[in-house]
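If you want the building blocks of each chain, they are given just below.
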Amino acid sequence: MTESVAQRLFLNNRIEAEKLSRAVNSRLFISRRPTTIPSLIVTDKIIAFKLFENNGKLRDQLILSSGERALCWGKELFRYYLEAAEPLNEKSFFQ
């Protein structure tokens, strides 16, 4: 997530954010690369993401695919963003 998204998450949903940041099966990262994909989910079976509309608003629709090529592309896209990210230091958001 971007730093501004993390700030809103910890400000508006503190309890849920703390649970998420401390969960053993999740890791949170701050992206240092501008992104046009506000939501990306990649699992062993699906890729799902949301996009912005031309006016900058978040679309309500979720794009979903389960094909082998889509999964490979999703994993490659995830690695691309992960390379420019750093682990979230949740202590900086707990004030």
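Throughout, a residue's number is its position along its own chain's written sequence, starting from 1. Under the rules for a predicted model, residues below a pLDDT of 70 receive no local features and side-chain atom pairs below 80 are neither given nor counted, while totals for whole chains, interfaces and linings still include all residues. Water and hydrogen atoms play no part in the side-chain values, which are based on all heavy atoms of the structure.

Draft legend 1. Region of interest: the overall build of the protein. Helix and strand definitions here come from DSSP, where helices need a minimum of 4 consecutive H or I residues and strands a minimum of 2 consecutive E residues; each element is numbered from the N-terminal end. Tallying secondary structure elements over the protein gives 3 helices and 5 strands in all. With respect to the principal axes defined by its C-alpha atoms, the protein has extents near 45 × 35 × 25 Å. Under the scheme applied here, a residue whose accessible area is under 20% of the maximum for its type counts as buried, over 50% as exposed, and between as partly exposed, the area being computed with a 1.4 Å probe on protein chains only. Burial analysis of the protein (95 residues in total) assigns 21% to the buried set. Long-range contacts, defined here as pairs at least 24 residues apart, represent 55% of the contacts in the protein between residues at least 6 apart. In these tables, accessible area is a Shrake-Rupley quantity obtained with a 1.4 Å probe, and a residue counts as shielded only by the protein chains included in the view. Here the protein displays about 7,300 Å² of accessible surface, and carbon together with sulfur accounts for 52% of that area. Computed over 15 positive and 11 negative side-chain charges, the inter-centroid distance for the protein is 1 Å. Contacts between residues were defined by any pair of non-hydrogen atoms, one from each residue, lying within 4.5 Å. For the purpose of counting charges, residues Lys and Arg are taken to be positive, whereas Asp and Glu are taken to be negative. His and the chain ends are not included. For charged residues, the charge sits on one atom: NZ in Lys, CZ in Arg, CG in Asp, CD in Glu.

Draft legend 2. Seen up close, the pattern of salt bridges. Basic side-chain nitrogens of Lys or Arg form a salt bridge, by our definition, when they fall within 4 Å of a carboxyl oxygen of Asp or Glu. Under the definition given, this model contains 4 salt bridges. Of the charged contacts in the structure, one is a salt bridge between Arg-22 and Glu-18, with a shortest N-O distance of 3.6 Å. Of this pair, Arg-22 and Glu-18 are both found in helix α2 (residues 14–22), 4 residues apart, which corresponds to roughly one turn of the helix. Measuring nitrogen to oxygen at the nearest pair gives 3.0 Å for the salt bridge that ties Arg-32 to Glu-86. Residue Arg-32 is located in the loop between β1 (29–31) and β2 (39–42), and its partner Glu-86 is located in strand β5 (residues 85–87); the two are separated by 54 residues in the primary sequence. Arg-32 gets classed as partly exposed once you look at its relative accessible area, which sits at 46%. Connected through shared salt-bridge partners, Glu-3, Arg-32 and Glu-86 make up one network.

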